[in-house]
Amino acid sequence: LHVYYPHAHAYLTGQLKLAEGDFHGALASWSEAGTADAERPGLFIQLGEAYLGLKRWDDAEQNYRKALDVDPDNPHAHLGLCRCYLPRRRNRLAAESALEAIQRLYYFPLAHYCLGLALARMRQPERAVEALRMAIAINPNFAQAHRRLSVLYVRAFRDPEKAKVHRELALDIEGYRVDN
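Bear in mind that the values here come from a model prediction, so they are computed numbers and not experimental data. (Residues numbered from 1 in each chain as written. Predicted model: local features only at pLDDT ≥ 70, side-chain atom pairs only at ≥ 80, totals over all residues. Heavy atoms only, no water.)

**Student:** Before we go on, may I ask you to explain helix α9 (residues 143-155) in this structure?
**Tutor:** Note on helix geometry: an α-helix contains 3.6 residues per turn, so any two residues three or four positions apart are oriented the same way. Under the 1.5 Å per step criterion, the end-to-end length of α9 is 18 Å for 13 residues, consistent within 8% with the ideal 18 Å. Listing the buried residues of α9 in full gives Ala143, Ala145, His146, Leu149, Ser150, Leu152 and Tyr153. Structurally, α9 contributes buried residues whose contacts are with α7 (109-121), α8 (125-138) and α10 (160-174). (Helix = DSSP H or I, 4+ residues; strand = E, 2+ residues; numbered from the N terminus. Expected span 1.5 Å × (residues − 1). Buried < 20%, exposed > 50% of the residue type's maximum accessible area, 1.4 Å probe, protein only. Contact = heavy atoms within 4.5 Å.)

See below:
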């Protein structure tokens, strides 16, 4: 492995640290690896994830853009951009990036969920519900999507019954309900 990829250990250590939520450790490991894997988008996407975890939105965005420079059709990089825009309330850009991800990988529940968040913030509740329902159709155990639907059904549609259904589904999925 060292003959073909001398920084494999540092790269894999960074992946492990990212999975554990040690974003600083991941970045430190990848700085050892350098740009040995710069011809593939994976390292840039992982760097973007680490920067997202640290709430360093500009650094995350920069890395997702580098991933797209390497592979313009990478749905994970497009979704990464969306996830950089959402916390900064750049909702139109977030929605556009989520749609770019969905166009490339339709069965991507997180992309539909993020699209739903952006559309809800853009005061398009019907379209937001449609996106969130698609996220749940793909992954029925998506508790956050059920929670967001519950909120939309109460606030935008004044439908407490539908809201209750989704709130209870979210609680069931998260294991918080004890009445069953």
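**Student:** Help me out: how do you make sense of the environment of arginine 88 in this one?
**Tutor:** Note on placement: arginine 88 falls in the loop between α5 (75-85) and α6 (91-104). Look at arginine 88 and you get partly exposed, because its relative accessible area is 22%. Along the sequence, arginine 88 and tryptophan 57 sit 31 residues apart, while their C-alpha atoms lie 8.1 Å from each other. Setting aside residues no more than four positions away along its own chain, arginine 88 makes contact with Trp57, Asp58 and Glu61. Polar contacts involving the side chain of arginine 88 include one to the main-chain carbonyl oxygen of cysteine 84, which spans 3.0 Å. (Polar contact = N/O pair within 3.5 Å; in protein donor to acceptor, adjacent residues only side chain to side chain.)

**Student:** Teacher, can you tell me more about the packing of α5 against α6 here?
**Tutor:** The description of two packed helices rests on the angle between their axes and on the distance between the axes. Running from N to C, α5 and α6 cross one another at 165°; their axes reach a closest spacing of 8 Å. Put simply, α5 runs roughly antiparallel to α6. Crossing handedness for the pair α5 and α6: left-handed. Contacts between α5 and α6 involve Pro75, His78, Leu79, Leu81, Cys82 and Tyr85 from the first element and Leu93, Ala94, Ser97, Ala98, Glu100, Ala101 and Arg104 from the second. (Axes fitted to C-alpha atoms, helices over the stretch in contact; angles between N-to-C directions. Parallel < 35°, antiparallel > 145°, perpendicular 65-115°, else oblique. Left-handed = near helix turned anticlockwise from the far one by under 90°.)

**Student:** Even after reading the chapter, I still don't get the environment of arginine 155, so can you show me in this structure?
**Tutor:** Inspection of the secondary structure assignment puts arginine 155 in helix α9. For arginine 155, a relative accessible area of 63% puts it in the exposed group. Sequence separation between arginine 155 and glycine 80 is 75 residues, and the spatial gap between their C-alpha atoms is 28 Å.

**Student:** What is the right way to read the packing of aromatic side chains from this model?
**Tutor:** For any pair of aromatic rings, geometry is given as the distance between the ring centres together with the angle between the planes. In this structure the tally under the stated criterion is three aromatic pairs. Between the aromatic rings of tyrosine 106 and tyrosine 107, the centroid separation amounts to 5.3 Å while the plane-to-plane angle is 90°, which identifies the pairing as edge-to-face. Ring geometry for tyrosine 153 versus phenylalanine 157: centroids 6.1 Å apart, planes at 55°, classification tilted. Accessibility expressed as a relative area gives 6% for tyrosine 153, which makes it buried. (Phe/Tyr/Trp six-rings, centres within 6.5 Å; stacked < 30°, edge-to-face > 60°.)

**Student:** Would you mind going over the pattern of salt bridges with me for this structure?
**Tutor:** This model, assessed by the stated rule, comprises 12 salt bridges. A salt bridge links glutamate 61 to arginine 90, with the shortest nitrogen-to-oxygen separation between them at 3.8 Å. With a gap of 29 residues between them, glutamate 61 in helix α4 (residues 57-70) and arginine 90 in the loop between α5 and α6 connect regions that are remote in the sequence. Overlapping salt bridges bring together Asp58, Glu61, Arg65, Arg88 and Arg90 as one network. (Salt bridge = Lys/Arg side-chain N within 4 Å of Asp/Glu carboxyl O.)

**Student:** Just checking my understanding: could you explain the side chain of glutamate 61 for this structure?
**Tutor:** By relative accessible area, which is 12% here, glutamate 61 ends up buried. With near-sequence residues (within four places) excluded, glutamate 61 lies in contact with Leu81, Cys84, Tyr85, Arg88 and Arg90.

**Student:** Mind showing me how you'd approach the environment of asparagine 63 here?
**Tutor:** Structurally, the position occupied by asparagine 63 is in helix α4. It is 5.2 Å that separates the C-alpha atoms of asparagine 63 and glycine 48, two residues lying 15 residues apart in sequence.

**Student:** Would you mind showing me how to read a nonpolar patch on the surface here?
**Tutor:** A surface patch of nonpolar side chains, about 200 Å² in accessible area, is lined by Val165, Leu169 and Ile173. Summarising the element assignment, valine 165 is placed in helix α10. Taking the relative accessible area as the measure of exposure, valine 165 reaches 45% and is therefore partly exposed. (Patch = residues over 30% accessible without salt bridge, like charges linked within 9 Å, V, L, I, M, F, W, Y side chains within 5 Å. Areas by Shrake-Rupley, 256 points an atom, 1.4 Å probe, with all protein chains shown as cover.)

**Student:** Is there a simple way to explain α5 in this structure?
**Tutor:** Of all 11 residues that make up α5, nine are buried, and the element is covered over most of its length. Pro75, Ala77, His78, Leu79, Gly80, Leu81, Cys82, Cys84 and Tyr85 are the residues of α5 that are buried. Elements in contact with the buried residues of α5: α3 (42-53), α4, α6 and α7. You can read the cap of α5 off the contacts: a side-chain oxygen lies 2.9 Å from the backbone nitrogen of histidine 76, and it is on asparagine 74.

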